[in-house]
Amino acid sequence: MNFVKTCMLLLVHFSGFSCFSQSASYNVVIKNISVIDVQNSKIIPEQTIYIKADRISKIEKYKRHKKIVSDTIIDGTGKFILPGFWDMHIHICWKDNLHNLFPILLNYGVTGVRDMGGDVNILNRFKKQVKNNPVSGPVIFGAGPILDGEEPVHADFSVPMTQLNTRKVLDSLYAQKIDFIKVYSLLPKSVLDSIAAYAKEKNIPFAGHISEYLTPEEASESGQKSFEHLNRLEELYDDKNRFIAFTKLARSHKTWICPTLIIYKRKVEFAKKEFFAHDLYNDLDNDIKNEWEQVKKTKQNKIFTEEEALRAEERYKKQKLLVRKFYDKGIPLLIGTDFAGIQFVYPGFSLHEEMDLLQSIGIPPFAILKMATLNPAIFLGIRESYGTVEKKKMADLIILDENPISDIRNTLKINTVVKAGKIVNSK
Ligand SMILES: [Zn+2]
C-alpha cells in the first residue's frame with residue numbers, strides 16, 4: 001500500500017517516471033538520452049544510463065525492448081544529459097545559515113562549488129553536512145579565510161599577514177584541512193613568497209587575486225594556481241608582445257584563470273543605475289539583501305557622468321575581448337560568479353549568466369560546458385569521480401529539455417537534477 005502511494009506521489013511529481021514492484025537493481029535509470037560528451041566535444045545519442053547508489057554503474061546504447069528494473073525510470077527521449085556544474089568562485093561559507101541557499105544552487109544544476117573565502121569553521125561544518133547528506137547541498141572545496149596584507153580589503157573575512165605570522169597562520173589552516181590557500185590583493189611579495197614555499201612543502205594549492213605588489217608574470221611564476229577576476233591582467237591588453245609572452249608563461253606554469261565576467265557586467269549596470277532584479281532575491285539572507293540595498297542606495301546617490309558610464313562600458317568591452325584572447329591562446333578557464341562577493345549576482349542563476357556572457361564573446365558551447373564541468377574536476381584533482389558522464393563517476397547530473405550546444409542558454413531549461421544518485425529537482 002505504501003509502495004503504491006509512493007509510486008503515485010512519484011508519478012504526480014515526475015510525470016514520465018514509472019515504478020516496478022520487483023526489487024530494483026538500480027535507483028535511477030535514464031533511458032534513450034543524448035549525452036553531452038564535454039571531453040570530446042560531441043553528442044552521443046540514444047544512451048541509457050544506469051545509476052546504482054551514488055554512481056553511474058553502466059552506460060549503454062538504448063534498446064527499445066530491454067526490460068529495465070529500477071526504482072525510477074526517466075524517459076530521456078529528446079533530452080540531453082551532462083555533468084553537474086561547478087561554480088568555481090563563490091562565497092557561501094561565511095554565515096551559519098547560508099546552507100539555506102544550497103537547494104537553490106542544486107536547482108540550477110550547481111552540484112559543486114569552490115568557496116573563495118569565508119569562515120573555516122563554517123566551511124568545515126557545511127562540508128560535513130554535505131558529506132553526511134549529499135543531496136542537501138553541493139560538493140564544497142574551500143579556503144577558509146582570505147589571506148591579505150596588514151590592512152586587508154575585507155577585514156571581516158581576512159587574516160592580516162606579515163612575515164612574522166605566516167607560518168603560524170598557515171599551520172593552523174592546514175590543520176583545519178582547508179583545500180587551498182586564498183591569497184588576496186594586498187599581500188606583499190615577501191609574504192606571498194613564503195606562502196608559495198609553504199604551499200609547495202605541503203602540496204596544497206594557493207589561488208586568488210594577483211597581488212598589487214606582483215606582476216601577473218611574477219604571480220604565475222610563483223605557482224599561484226588560479227587568478228580570480230581580471231585584476232592586473234587588463235594591463236596585458238594593450239601590449240601584444242607582453243600578452244603573448246604571458247600566455248606562454250601561464251601555460252607552462254599551468255596557471256588557470258577564473259574571469260568572472262558577470263561582476264564586470266554588474267559594474268557597468270551599476271554605473272547606469274540598473275540593479276538586476278530576480279525572483280531569487282526573496283530567498284536571500286537578510287544580511288545579503290541589506291548589503292545589496294546599501295550599495296544600491298550609494299550608487300543611486302552617486303552622480304555618474306555620461307563619460308564615466310561610457311568608460312565603464314569601454315572597459316567591459318576590453319575585459320570581454322581579453323577573456324576571448326585567453327581562450328584563443330589555450331589558457332584553461334574556470335567559471336565563477338563571485339556570489340556574495342559582488343551585489344546582484346544570484347546563487348545558481350548567475351552561473352548561467354556567466355555562461356551566456358562567454359557565449360556572447362564567441363566561445364563555443366562545448367568549451368563553455370567543459371569549463372563548468374570537466375575543467376573544475378581537473379583543477380581540483382577529482383577527475384576520477386567528477387566532470388563527465390561516464391561509468392564509475394559520481395551521478396551528479398543535469399537533464400536538459402533543449403540542446404545546450406545549439407544555444408548555451410538552454411542550460412536553464414532544466415528538467416531534472418541528480419545529486420549523488422538521487423533526484424533533487426525535477427520539473
Ligand atoms: Zn570573490
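Note that the structure is a prediction, hence the values are computed from the model and not measured.

Structural notes on the packing of helix H4 (residues 166-175) against helix H5 (residues 189-202)
Two numbers describe how H4 lies on H5: the axes approach to 10 Å, and their chain directions differ by 40°. H4 and H5 meet at a crossing whose hand is right-handed. Across the interface between the two elements, Thr-166, Leu-170 and Tyr-174 from H4 touch Val-191, Ser-194, Ile-195, Tyr-198 and Lys-202 from H5. Per-class residue counts for the contact of H4 with H5 are five nonpolar, two polar and one charged.

Side note on the pairing of strand S2 (residues 26-37)
Here S2 pairs with strand S5 (residues 70-75) via five bridges, running parallel. Residue pairing in the sheet places Val-28 in a bridge with Thr-72 of S5. As judged from the seven bridges shared by S2 and strand S3 (residues 42-52), these two strands associate in the antiparallel manner. The residue of S3 that forms the bridge with Val-35 is Ile-44. Hairpin connection between S2 and S3: a loop of four residues separates the two successive antiparallel strands, and Ser-41 in this loop has a positive phi of roughly 50°. In the sheet, S2 pairs with strand S6 (residues 80-83) via two bridges, with the strands oriented parallel.

Some details on the domain arrangement of the protein chain
Partitioning the protein chain into domains gives domain 1 (2-82 + 388-426) and domain 2 (85-380). If you average the C-alpha positions of domain 1 and of domain 2, the two centres end up 32 Å apart. In this complex, domain 1 contributes 22 residues to the contact, which on the side of domain 2 involves 17 residues. The class makeup of the residues in the side of domain 1 that touches domain 2 is 12 nonpolar, five polar and five charged.

Reading the values: the criteria
Residues numbered from 1 in each chain as written. Predicted model: local features only at pLDDT ≥ 70, side-chain atom pairs only at ≥ 80, totals over all residues. Axes fitted to C-alpha atoms, helices over the stretch in contact; angles between N-to-C directions. Helix = DSSP H or I, 4+ residues; strand = E, 2+ residues; numbered from the N terminus. Left-handed = near helix turned anticlockwise from the far one by under 90°. Contact = placed C-beta atoms within 7 Å. Nonpolar A, V, L, I, M, F, W, Y, C, P; charged D, E, K, R; others polar. Pairing = 2+ DSSP bridges. Domains from an automatic or database assignment.

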